[in-house]
Amino acid sequence: MIKDYVKKEEEHLVELRRYFHSHPEESLKEYNTCKKIEDELDKLSIPHRRVGETGVYAWINGEAKDGVNRIIALRADMDALKMQDLKNVPYRSQNDGYCHACGHDSHTAVLLTAAKILNEKKNEFSGQVRLFFQQAEEIGAGARLFVKEGLLDGVGRVYGSHISSQLKSGIVSLTPGPNNASCDHFTIKVTGKGAHVSKPHLSVDALYTAAQIIVAEQAVVARNTNPIDTVVVGIGRCEAGTAYNIVAEHAVIEGTTRCFSPETRAYTNRRVREIAEATAAANGATVEIEFEDFAAPLVNDAGAAEEVTEVAKDIIPEENIIHNLEKSLGADDFADYLAVVKGVYAYIGTHSDDDPNTGVPQHHGLFDIDESTMLISCNLYVDYALEYLKGKIGNDR
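Cut-off values and rules
- Residues numbered from 1 in each chain as written.
- Predicted model: local features only at pLDDT ≥ 70, side-chain atom pairs only at ≥ 80, totals over all residues.
- Heavy atoms only, no water.
- Phe/Tyr/Trp six-rings, centres within 6.5 Å; stacked < 30°, edge-to-face > 60°.
- Buried < 20%, exposed > 50% of the residue type's maximum accessible area, 1.4 Å probe, protein only.
- Helix = DSSP H or I, 4+ residues; strand = E, 2+ residues; numbered from the N terminus.
- Lys NZ or Arg CZ within 6 Å of the ring centre and 35° of its normal.
- Pairing = 2+ DSSP bridges.
- Core = buried A, V, L, I, M, F, W, Y, C linked by side-chain atoms within 4.5 Å.
- Contact = heavy atoms within 4.5 Å.
- Axes fitted to C-alpha atoms, helices over the stretch in contact; angles between N-to-C directions.
- Parallel < 35°, antiparallel > 145°, perpendicular 65-115°, else oblique.
- Left-handed = near helix turned anticlockwise from the far one by under 90°.
- Nonpolar A, V, L, I, M, F, W, Y, C, P; charged D, E, K, R; others polar.
- Salt bridge = Lys/Arg side-chain N within 4 Å of Asp/Glu carboxyl O.
- Expected span 1.5 Å × (residues − 1).

Visitor: Please explain the packing of aromatic side chains as it appears in this structure.
Guide: The geometry of an aromatic ring pair is captured by two quantities: the separation of the ring centres and the angle between the planes. Tallied over the full model, the rule gives 11 aromatic pairs. With a centroid separation of 5.7 Å and an interplanar angle of 75°, the aromatic rings of Tyr 19 and Phe 20 are classed as edge-to-face. Exposure remark for Tyr 19: the relative accessible area of 24% places this residue in the partly exposed category. Ring geometry for Tyr 159 and Tyr 381: centres 5.1 Å apart, planes at 80°, overall edge-to-face. Note that Tyr 159 is positioned in strand β5 (residues 157–168) and Tyr 381 in helix α11 (residues 374–389), a separation of 222 residues in sequence. The residues Tyr 159 and Tyr 381 share a single accessibility class, namely buried. Through a chain of ring-to-ring contacts, the aromatic side chains of Tyr 57, Trp 59, Phe 132, Phe 146, Phe 334, Tyr 337, Tyr 345 and Tyr 347 assemble into a single cluster. Stacked on the ring of Tyr 388, the Lys or Arg Arg 70 has its end atom at 4.4 Å from the ring centre.

Visitor: Looking at this model, I keep getting lost on the sheet that holds strand β2 (residues 55–61). Mind explaining?
Guide: Sheet strands associate in pairs through backbone hydrogen bonding, adopting either a parallel or an antiparallel arrangement. Judged by pairing direction, the sheet is mixed, and its eight strands sit side by side in the order β1-β2-β4-β3-β5-β14-β6-β13 without closing on themselves. Strand pairing shows two members of the sheet lacking a second neighbour, β1 (48–51) and β13 (321–322), which therefore form its edges. Judged from the six bridges that link them, β2 and strand β4 (residues 128–134) form a sheet pairing that is antiparallel. Counterpart to Tyr 57 in the pairing with β4 is Phe 132.

Visitor: Could you clarify how one ought to interpret the nonpolar core in this entry?
Guide: Soluble globular proteins tend to pack their nonpolar side chains together in the buried interior. Grouped together as the largest cluster of nonpolar side chains are 65 residues, with contacts concentrated most on Leu 74, Val 129, Leu 131, Phe 133, Tyr 159 and Leu 380. The element that contributes the greatest number of residues to this core is α11, accounting for 12 residues. When near neighbours in sequence (up to four residues on either side) are disregarded, Val 129 contacts Ala 58, Trp 59, Ile 60, Ile 72, Leu 74, Leu 118 and Leu 389. Formed by 24 residues, the second largest nonpolar core is a distinct cluster that contains Val 158, Ala 296, Ile 322 and Tyr 347.

Visitor: What is the right way to read the packing of helix α4 (residues 104–120) against α11 from this model?
Guide: Helices that pack against each other are described as a pair by the angle of their axes relative to one another and the distance between those axes. Where α4 meets α11, the axes come as close as 9 Å, and the angle between the chain directions of the two elements is 45°. With respect to α11, the element α4 is oriented oblique. α4 and α11 meet at a crossing whose hand is right-handed. Facing α4, whose interface residues are Ser 106, Val 110, Leu 111, Thr 113, Ala 114, Ile 117 and Leu 118, α11 presents Met 374, Ser 377, Cys 378, Tyr 381, Val 382, Ala 385 and Leu 386. Its residues assigned to classes, the contact of α4 with α11 comprises 11 nonpolar, three polar and no charged.

Visitor: Please explain the packing of helix α9 (residues 302–312) against α11 as it appears in this structure.
Guide: In the contact formed by α9 and α11, the axes pass within 10 Å of each other and the chain directions differ by 115°. Here α11 runs roughly perpendicular to α9, going by the angle between their axes. Both α9 and α11 take part in a crossing whose hand is right-handed. Taken together, the residues of α11 that come into contact with α9 (itself represented by Ala 304, Glu 307, Val 308, Val 311 and Ala 312) are Leu 380, Asp 383, Tyr 384 and Glu 387. Looking at the contact of α9 with α11 residue by residue, the class counts come to six nonpolar, no polar and three charged.

Visitor: Just to check I follow, could you spell out the sheet that holds strand β9 (residues 232–240) for this structure?
Guide: Here we have four strands laid out as an open sheet, ordered β9-β10-β8-β11, and antiparallel in their pairing. For this open sheet the edge positions go to β9 and β11 (286–295), each flanked by a neighbour on one side alone. Averaged over all adjacent pairs, the angle separating strand axes in this sheet is 15°, with direction ignored. Here β9 pairs with strand β10 (residues 250–258) via eight bridges, running antiparallel. The residue bridging Gly 234 from the neighbouring strand is Thr 256, located in β10. Strand contacts of helix α6 (residues 206–217): β8 (183–191), β9, β10 and β11, with the helix running at about 15° to β10, the strand carrying the most contacts. Packed onto the sheet, helix α8 (residues 262–282) meets β8, β9, β10 and β11 and runs at close to 165° relative to β11.

Visitor: It is not clear to me how the pattern of salt bridges should be interpreted in this structure. Could you clarify?
Guide: For side chains of opposite charge, pairing can occur when their charged atoms come near one another. Inspection of every chain in the model, using the stated rule, returns 34 salt bridges. Here Glu 371 makes a salt bridge to Arg 18, at a shortest N to O gap of 2.8 Å. Placement of the pair is Glu 371 in the loop between β14 (343–351) and α11 and Arg 18 in helix α2 (residues 10–22), with a sequence separation of 353 residues. Residue classification places Glu 371 among the buried positions, given a relative accessible area of 13%. Measuring nitrogen to oxygen at the nearest pair gives 2.4 Å for the salt bridge that ties Lys 168 to Asp 353. Here Lys 168 is found in strand β5, whereas its partner Asp 353 is found in the loop between β14 and α11, with 185 residues between them in sequence. Given a relative accessible area of 38%, Lys 168 falls into the partly exposed group. A network of salt bridges, in which partner residues are shared, links Arg 17, Arg 18, Asp 105, Asp 368 and Glu 371.

Visitor: Can you walk me through α2 in this structure?
Guide: An α-helical turn contains 3.6 residues, so a residue and the one three or four places further along point in the same direction. With 13 residues, α2 ought to run about 18 Å at 1.5 Å a step, and its terminal C-alpha atoms sit 18 Å apart, in line with that. Within α2, burial applies to Leu 13, Val 14, Leu 16, Arg 17, Phe 20, His 21 and Ser 22. Here the buried face of α2 lies against α3 (31–43), α4 and α11.

What follows is the structure in structure tokens.
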């Protein structure tokens, strides 16, 4: 059952979520969102500081005189997407061309509310709760700022959650092992030699070379990867040439790789590079290859998943807790925290049969959530932190 100390915050929780929903901001430009978070923390007298320009780190020190001295980190992402809000609701986006179509507005509201409750209960625990209001998840640039500043130093567990429109309201996934794939962005710049198309023998065709690279890269999945493993090498952009009758001297290819283990990720990216270089050399062209690391594979610690499962059993029916969510090739930079500290990333079902917009895919302009499910999410943040800090679970530290 949802605890009374969470239920009483429902109106405030919904109000916060709707504020953030109507004021979406893109990655690394979450200035108003950041200011609102700081204002709310100030009302609660919770200390905080900036991480980067728009991230907010806050902390709550327990005041219990006995107990274990542990630290837990709780994270919420807060950036929106550059897309139009298509909903006709009072809280629709007021920022034209921007929309909270992934649920980060609710994540921020939930963590702020959890902070309020934990601050009221700080005499019940020793140790420390660290709150990460993280920017730029959508571009994989936020979590690493918190890690780089050493904010996971001494942390025993890290916990976060994400809404899911593919799961029915009330369902919570606490799936151990790989949940989300890595995400790397690559750019391949091909340089050849221009000429008139009537004299191809005088040229080195960058466009022809790029086309061969695009086809050859699929061998990474089709022939270089164990069929049991899951790998994507996706190419979404190719640009080349200046006119119909000129052999292209330059071409640019952009794509992404997605993998579920660090080992497969390293191998896949190496093969993408090797194939591009070899194909270009075979055609007399040259290539420059750049990789951008957007997110590591997100792998939940099995022990932490079991800890949260025990907490969840006191909040929702046990049959509503699942441990077999299908892996997603979409990435989430919460993985950067899990690469450093044991933890778990939960998925909270928000698809209500009463509102069709709650069932549309995330990153769609009609996307919305069943707001009642935020109570479940909030209760998990609060109770997992309390149980861990009181030493009732997580006896490896």
